[in-house]
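Commentary on secondary and tertiary structure
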Amino acid sequence: MPDVQALTGAALAHIKADEFMPDEERGHAESAVREDESEALAYLVDPTDLVAEIPGVELAQASWSSEPVEYDPESMEWDLDEEDGDFDEEPDNA
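Residues numbered from 1 in each chain as written. Predicted model: local features only at pLDDT ≥ 70, side-chain atom pairs only at ≥ 80, totals over all residues. Heavy atoms only, no water.

**Notes on the overall build of the chain**
What the chain contains, in helices and strands, is four helices and zero strands. Helices (α) and strands (β) of the chain occur, in sequence order from the N terminus, as α-α-α-α. For the chain, buried positions account for 13% of its 94 residues. The long-range fraction of contacts in the chain, counting pairs at least 24 apart against all pairs at least 6 apart in sequence, stands at 35%. (Helix = DSSP H or I, 4+ residues; strand = E, 2+ residues; numbered from the N terminus. Buried < 20%, exposed > 50% of the residue type's maximum accessible area, 1.4 Å probe, protein only. Contact = heavy atoms within 4.5 Å.)

Structure follows, in structure tokens:
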């Protein structure tokens with residue numbers, strides 16, 4: 001699966017380029033990334049960067065979990081233009 005290989009390769013390159021990571025941690029990180037693509041994603045996305053530009057928000061804690069899913073373009077779950085739970089619902093004007 002080329003996408004998983006690209007993700008893993010990018011994460012391994014990121015780990016290798018981290019000059020502040022201790023060697024012992026680097027070995028553990030590389031092993032984790034090779035075994036689980038969710039670990040690879042976690043090494044590529046910094047949660048602090050996701051909220052750093054939002055005024056008044058300070059990241060206190062972050063954790064990751066993921067699972068593989070099948071993409072179904074016909075499913076409403078994949079409609080990125082809709083807000084969660086707002087699938088073509090009419091507003092309640094009562």
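Structure shown, so let's carry the discussion forward.
**Notes on the pattern of salt bridges**
Within this structure, the stated rule accounts for one salt bridge. Taking the shortest distance from any N to any O, the salt bridge between Asp23 and Arg26 comes out at 3.9 Å. Remark: Arg26 and Asp23 occur in helix α2 (residues 23-35); sequence separation between them is three residues, near one turn of the helix. For Asp23, a relative accessible area of 65% gives the class exposed. (Salt bridge = Lys/Arg side-chain N within 4 Å of Asp/Glu carboxyl O.)

**A look at the nonpolar core**
Formed by Ala11, Leu12, Ile15, Met21, Ala29, Val33 and Ala40, the largest nonpolar core amounts to seven residues. Secondary structure elements with two or more residues in this core: α1 (2-17) and α2. Per-element accounting of this core gives the leading share, three residues, to α1. (Core = buried A, V, L, I, M, F, W, Y, C linked by side-chain atoms within 4.5 Å.)

**Regarding a nonpolar patch on the surface**
Nonpolar side chains collect at one region of the surface, where Val69, Tyr71 and Trp78 lie side by side and expose about 330 Å² of accessible area between them. With respect to the helices, strands and loops of the structure, Val69 is situated in the segment after α4 (47-51). (Patch = residues over 30% accessible without salt bridge, like charges linked within 9 Å, V, L, I, M, F, W, Y side chains within 5 Å. Areas by Shrake-Rupley, 256 points an atom, 1.4 Å probe, with all protein chains shown as cover.)

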